[in-house]
Amino acid sequence: MEWTPMEINPEMMDKLGVGGNWSFVDVLGLEGDQLSAVPKPCCALMLLFPLTQQHESFRQKQADKVAAGSEVYFLKQSVGNSCGTIALLHSVGNNKDKMTSALKKFLDDTADMSAEDRAKQFENNQAIKEAHNDIAAEGRCVPEADKVNFHFIAFVNVNGQLYEFDGRMDGAVNHGDTTDDTFVMDAAKVCLGFMKREKDEVRFSAVALLDGWICHT
C-alpha cells in the first residue's frame, strides 16, 4: 500500500488536526548561530534525508539499540510514502500532554496497542489518509511515486531522554540524556551523524515543531 509522496509544510498541521499554538519553523543549519535561532520550547525535530545503501547498512547495526518497553509512543510504518505523517504522529504522540486536537483521538485509541497494531489502524484511518493526500496534492514538489527515495524521522525529548523515531525500524532509538534547553542541540548532533555518513550528499533538511509559537523563518 502506498500514499502520495508529501512534503512537510505548515498546512499539514491544520489538515491533520494539529492547530492552535503548534507550528513549524525551518532549521536552517545544524550548528552555531543557525541552530541557536530555533525558538524554545521546541517539542520535536524532524529530519528529511535520502535513503542510501550507507544508511541501510548503518540501520542494520542499530537493530540492537531499539528501546524496549512502552515509555514512548511508537508507530511502525507499513504504508509507503507515509513517513512525513508518521514523523508528525511520533512528534505529537510523544507530546500528548501539550496537545488538544482531533489527532489526539487516534493517539488515545491506539495508546495500548503494539507498534504493528497501530500500523494497521493507521492504514485503515481514512481521515488521516485523506488529509495526507490533500496536503501532498498542494505541495510545490510532486515527484513520481516510484522515484521517491527520501525519508522523514523525528526526534523527541521523552522524560529527559532523546529518542529517535523511524517507522521503518522496530522501535525508537534512545540517544541518552537531554533537557528542554539542550534538546535542539542534542538532536542536531545526531542529525549531523546522518550527514557525515553521506559524504557527497547534500539533500538534507529539518524542521522544528513548536508549541506556543507562531513563527516561521
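Residue positions are given per chain, counting from 1 as you read along its sequence in written order. Side-chain atom pairs in this predicted model are given and counted only at pLDDT of 80 or more, local residue features only at pLDDT of at least 70, and totals for whole chains, interfaces and linings cover all residues. Hydrogens are left out, water is left out, and the side-chain values use all remaining heavy atoms of the structure.

Under an unreviewed UniProt entry, the name given to the protein chain is Ubiquitin carboxyl-terminal hydrolase, and the organism recorded is Periophthalmus magnuspinnatus. UniProt positions are given in the numbering used here, feature names are shortened, and annotations may be inferred rather than shown by experiment. UniProt annotates the protein chain under Catalytic activity (unreviewed entry) with the comment "Thiol-dependent hydrolysis of ester, thioester, amide, peptide and isopeptide bonds formed by the C-terminal Gly of ubiquitin (a 76-residue protein attached to proteins as an intracellular targeting signal)." Within the UniProt record for the protein chain, the comment given under Function (unreviewed entry) is "Ubiquitin-protein hydrolase is involved both in the processing of ubiquitin precursors and of ubiquitinated proteins. This enzyme is a thiol protease that recognizes and hydrolyzes a peptide bond at the C-terminal glycine of ubiquitin."

On a plain count of helices and strands, the protein chain comes out with eight helices and six strands. Secondary structure elements are taken from DSSP: a helix is a run of H or I of four residues or more, a strand is a run of E of two residues or more, and numbering for both begins at the N terminus. Its helices and strands in sequence order give the protein chain the pattern α-β-α-β-α-α-α-α-α-β-β-β-α-β, from N to C terminus. Note on definitions: a residue-residue contact is assigned when non-hydrogen atoms from the two residues lie within 4.5 Å. Partitioning the contacts of the protein chain with sequence separation of at least 6, the portion at a separation of at least 24 is 76%. When the accessible surface of the protein chain is totalled, it reaches about 10,700 Å², and 48% of it is carbon and sulfur. Per-residue accessibility takes into account occlusion by the displayed protein chains alone, with areas from the Shrake-Rupley method and a 1.4 Å probe.

As a further point, take the pattern of salt bridges. By definition, a salt bridge exists where a carboxyl oxygen of Asp or Glu is found within 4 Å of a side-chain nitrogen of Lys or Arg. Enumeration according to the criterion identifies five salt bridges in this entry. Between Glu56 and Arg168 there is a salt bridge, with the nearest N and O atoms lying 2.9 Å from each other. Here Arg168 lies in the loop between strand E4 (161–165) and strand E5 (173–177) and Glu56 lies in helix H3 (residues 53–61), a separation of 112 residues in the sequence. With a relative accessible area of 36%, Arg168 lands in the partly exposed category. As a salt-bridge pair, Arg59 and Glu164 come within 2.5 Å of each other at their nearest N and O atoms. In this pair, Arg59 is assigned in helix H3 and Glu164 in strand E4, connecting sequence segments 105 residues apart. Within this structure, Arg59, Glu164 and Asp166 form a network of salt bridges that share partners. Here's how the labels work: a residue is buried when its accessible area is under 20% of the maximum for its type, exposed when over 50%, partly exposed in between, all with a 1.4 Å probe on protein chains only.

A few words now on the environment of Leu75. Assignment of secondary structure puts Leu75 in the loop between H3 and helix H4 (83–93). Sequence-wise, Leu75 and Asp166 are 91 residues apart; in three dimensions their C-alpha atoms are separated by 8.5 Å. In contact with Leu75, not counting residues within four places along its chain, are Ile86, Leu89, His90, Ala115, Arg118, Ala119, Phe122 and Gly167.

To continue, consider the pairing of E4. The element E4 is largely enclosed, with a buried count of five among its five residues. For two strands to pair, DSSP has to find at least two bridges joining them. The pairing of strand E3 (residues 150–158) with E4 spans five bridges and is antiparallel. Bridging from a neighbouring strand, Asn157 pairs with Leu162 of E4. Count of turn residues in the E3/E4 antiparallel hairpin: two residues, of which Asn159 carries a positive phi of about 55°.

Only centres within 6.5 Å qualify two rings of Phe, Tyr or Trp (six-membered ring in Trp) as a pair; their planes then separate them into stacked at under 30 degrees, edge-to-face at over 60, and tilted for everything else. Using the criterion set out here, one finds four aromatic pairs in the structure. A centroid spacing of 6.5 Å and a plane angle of 70° characterise the contact between Phe106 and Phe122, whose relative ring orientation is edge-to-face. Taken together, the positions of Phe106 in helix H5 (residues 103–109) and Phe122 in helix H6 (residues 115–123) put the pair 16 residues apart, joining distant regions of the chain. You can call Phe122 buried: its relative accessible area is 0%. In this structure an aromatic cluster arises from ring pairing among Trp3, Phe106 and Phe122. The residue whose ring lies beneath Arg197 is Phe194, and the NZ or CZ to ring-centre distance is 4.8 Å. We call a charge positioned above a ring when the Lys NZ or Arg CZ atom is no farther than 6 Å from the ring centre and deviates by at most 35 degrees from the ring normal.

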